[in-house]
Amino acid sequence: MADKIKEWVVEDGLNRGDRLPGEAELMAQFGMAKGTIREAMRILEAQGLIKTRTGPGGGSFVHEVSKERARALLGNYFYFKNLTIADIYQLRSVLEPELAASLAGRLDEDALKALRANIAEFDTPATDAEEERARHIVSLRFHAMLAAQSSNPLLAFLIDFMACMLSDLTVYRRLFDPPNTELWQRGRDYQMRLLEALRDGDGAAARRIMSEHMSTAWWLMEMQEAEMERRFLPE
């Protein structure tokens with residue numbers, strides 16, 4: 001029943017904030033009992049597709065699922081999948097070079113300035129594990145910021161989601177400890193070179209730099225993961 005209501009919302013061209021018909025009208029429109037309609041509305045609200053308000057002017061309204069909520073729900077699905085660094089970088093290595101190439105010459109000065117400011121947040125190597133953790137997260141934010149510039153919403157979401165998943169893995173598995181100066185130095189260098197290619201509109205260079213960045217980060221992160229596992233092996 002919930003799927004039927006979703007189809008009707010799409011077919012009727014309803015938008016975010018539009019009020020849905022009352023319970024009695026929905027019962028008549030779909031030929032369903034009150035209990036069925038109420039259950040369908042509960043499901044849609046749990047999915048974040050409708051929002052119910054009480055009081056004067058209340059009712060059920062079409063609601064747009066936020067990126068943060070969608071990311072959290074999808075993250076819950078992968079929570080028990082035991083994702084590895086390789087799983088994430090296998091996709092990043094395919095998608096992010098193409099994203100970089102597509103954005104070459106298309107970023108305005110404000111976007112370039114924001115990306116430069118992001119890199120400036122980790123312009124020195126970490127001195128301890130907590131600083132390293134913070135630098136990992138900031139460095140991955142660079143990729144989420146790039147993704148937000150894409151005109152392809154699916155590509156933007158997937159890259160942003162993977163950056164967040166990798167950030168979570170880094171924290172949960174303490175892959176920031178001990179600090180990895182090579183990962184910091186090479187990652188920062190790739191991002192600075194990438195910015196130049198994006199500014200100059202050189203799509204081929206942007207694709208190549210991002211591809212090298214992904215390969216190097218994949219290798220270094222797997223080494224960090226292996227080191228962490230060795231540290232916890234019984235003697």
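Each remark here, short or long, concerns the structure printed above.
In what follows, the accompanying structure is described. (Residues numbered from 1 in each chain as written. Predicted model: local features only at pLDDT ≥ 70, side-chain atom pairs only at ≥ 80, totals over all residues. Heavy atoms only, no water.)

Along the chain, threonine 216 turns up in helix H10 (residues 203–231). Of note is the side chain of threonine 216, whose polar atom sits 3.1 Å from the side chain of tyrosine 190. (Helix = DSSP H or I, 4+ residues; strand = E, 2+ residues; numbered from the N terminus. Polar contact = N/O pair within 3.5 Å; in protein donor to acceptor, adjacent residues only side chain to side chain.)

Before going further, it helps to spend a moment on the environment of isoleucine 5. Residue position: isoleucine 5 is located in helix H1 (residues 2–11). Ignoring any residue separated from it by four or fewer positions in sequence, one finds isoleucine 5 in contact with Phe30, Ala40, Met41 and Leu44. (Contact = heavy atoms within 4.5 Å.)

One non-glycine residue, asparagine 82, lies in positive phi territory at about 55 degrees. Along the chain, asparagine 82 turns up in the loop between helix H4 (67–78) and helix H5 (85–103). Note on asparagine 82: relative accessible area 60%, which makes it exposed. (Buried < 20%, exposed > 50% of the residue type's maximum accessible area, 1.4 Å probe, protein only.)

Moving on, we get to the pattern of salt bridges. This structure, assessed with the given rule, holds 14 salt bridges. With its nearest N and O atoms 2.5 Å apart, the salt bridge here joins arginine 116 to glutamate 109. Accessibility expressed as a relative area gives 49% for glutamate 109, which makes it partly exposed. Notably, a salt bridge pairs glutamate 182 with arginine 186, separated by 3.1 Å at the nearest N-O pair. Residue glutamate 182 and its partner arginine 186 are both found in helix H9 (residues 181–200); the two are separated by four residues, about one turn of the helix. (Salt bridge = Lys/Arg side-chain N within 4 Å of Asp/Glu carboxyl O.)

With that settled, the discussion passes to the pairing of strand E2 (residues 59–62). Two elements, strand E1 (residues 50–53) and E2, share four bridges in a ladder whose sense is antiparallel. Across the sheet, the residue bridging to lysine 51 is phenylalanine 61, located in E2. Following E1, the chain reverses through five residues before pairing antiparallel with E2; glycine 55 in that reversal takes a positive phi of roughly 85 degrees. (Pairing = 2+ DSSP bridges.)

Summed over the entire model, instances satisfying the criterion amount to five aromatic pairs. Centroid distance tyrosine 77 to phenylalanine 78: 5.0 Å. Interplanar angle 80 degrees. Geometry classified as edge-to-face. Phenylalanine 78 sits in the partly exposed class, given a relative accessible area of 25%. Through pairs of rings, three or more aromatic residues link up here, namely Tyr77, Phe78, Phe157 and Phe161. Arginine 53 extends its terminal NZ or CZ atom over the ring of phenylalanine 61, reaching a point 4.0 Å from the ring centre. (Phe/Tyr/Trp six-rings, centres within 6.5 Å; stacked < 30°, edge-to-face > 60°. Lys NZ or Arg CZ within 6 Å of the ring centre and 35° of its normal.)

This brings us to the packing of helix H7 (residues 129–147) against H9. Two elements in contact, H7 and H9, have axes separated by 11 Å at closest approach and are oriented at 25 degrees. Looking at the two axes, H7 sits roughly parallel to H9. Once H7 is placed against H9, the crossing between them reads as left-handed. The segment H7 lies against H9, with His136, Ser139, Phe142, His143 and Leu146 engaging Leu183, Gln191, Leu194, Leu195 and Leu198. Residues of the contact of H7 with H9, tallied by class, amount to six nonpolar, four polar and no charged. (Axes fitted to C-alpha atoms, helices over the stretch in contact; angles between N-to-C directions. Parallel < 35°, antiparallel > 145°, perpendicular 65-115°, else oblique. Left-handed = near helix turned anticlockwise from the far one by under 90°. Nonpolar A, V, L, I, M, F, W, Y, C, P; charged D, E, K, R; others polar.)

Taking 1.5 Å as the rise per residue, H9 with 20 residues should run 28 Å; its terminal C-alpha atoms sit 29 Å apart, in good agreement. Regarding H9, the residues found buried are Leu183, Trp184, Gly187, Tyr190, Gln191, Leu194, Leu195, Ala197 and Leu198. Taken down its axis, H9 places every buried residue within 165 degrees of arc, on the same side. Looking at where H9 begins, the residue whose side-chain oxygen comes 3.2 Å from the main-chain nitrogen of glutamate 182 is asparagine 180. (Expected span 1.5 Å × (residues − 1). Arc of directions from axis to C-beta.)

In this section: the packing of helix H6 (residues 109–120) against H9. Orientation of H6 relative to H9, taken along the N-to-C sense of each, is 170 degrees, at an axis distance of 11 Å. It follows that H6 is roughly antiparallel to H9 by the angle criterion. Of the residues in H9, those in contact with Leu112, Leu115, Arg116 and Ile119 of H6 are Arg188, Gln191, Met192, Leu195 and Arg199. Of the residues in the contact of H6 with H9, the class split is five nonpolar, one polar and three charged.

Further remarks concern the side chain of serine 60. Relative to the assigned elements, serine 60 resides in strand E2. Given the relative accessible area of 16%, serine 60 is considered buried. Within the structure, the side chain of serine 60 is placed 3.4 Å from the side chain of threonine 52, a separation counted as a polar contact. If we ignore the near neighbours within four places in the chain, the residues touching serine 60 are Asp18, Arg19, Leu20, Met41, Lys51 and Thr52.

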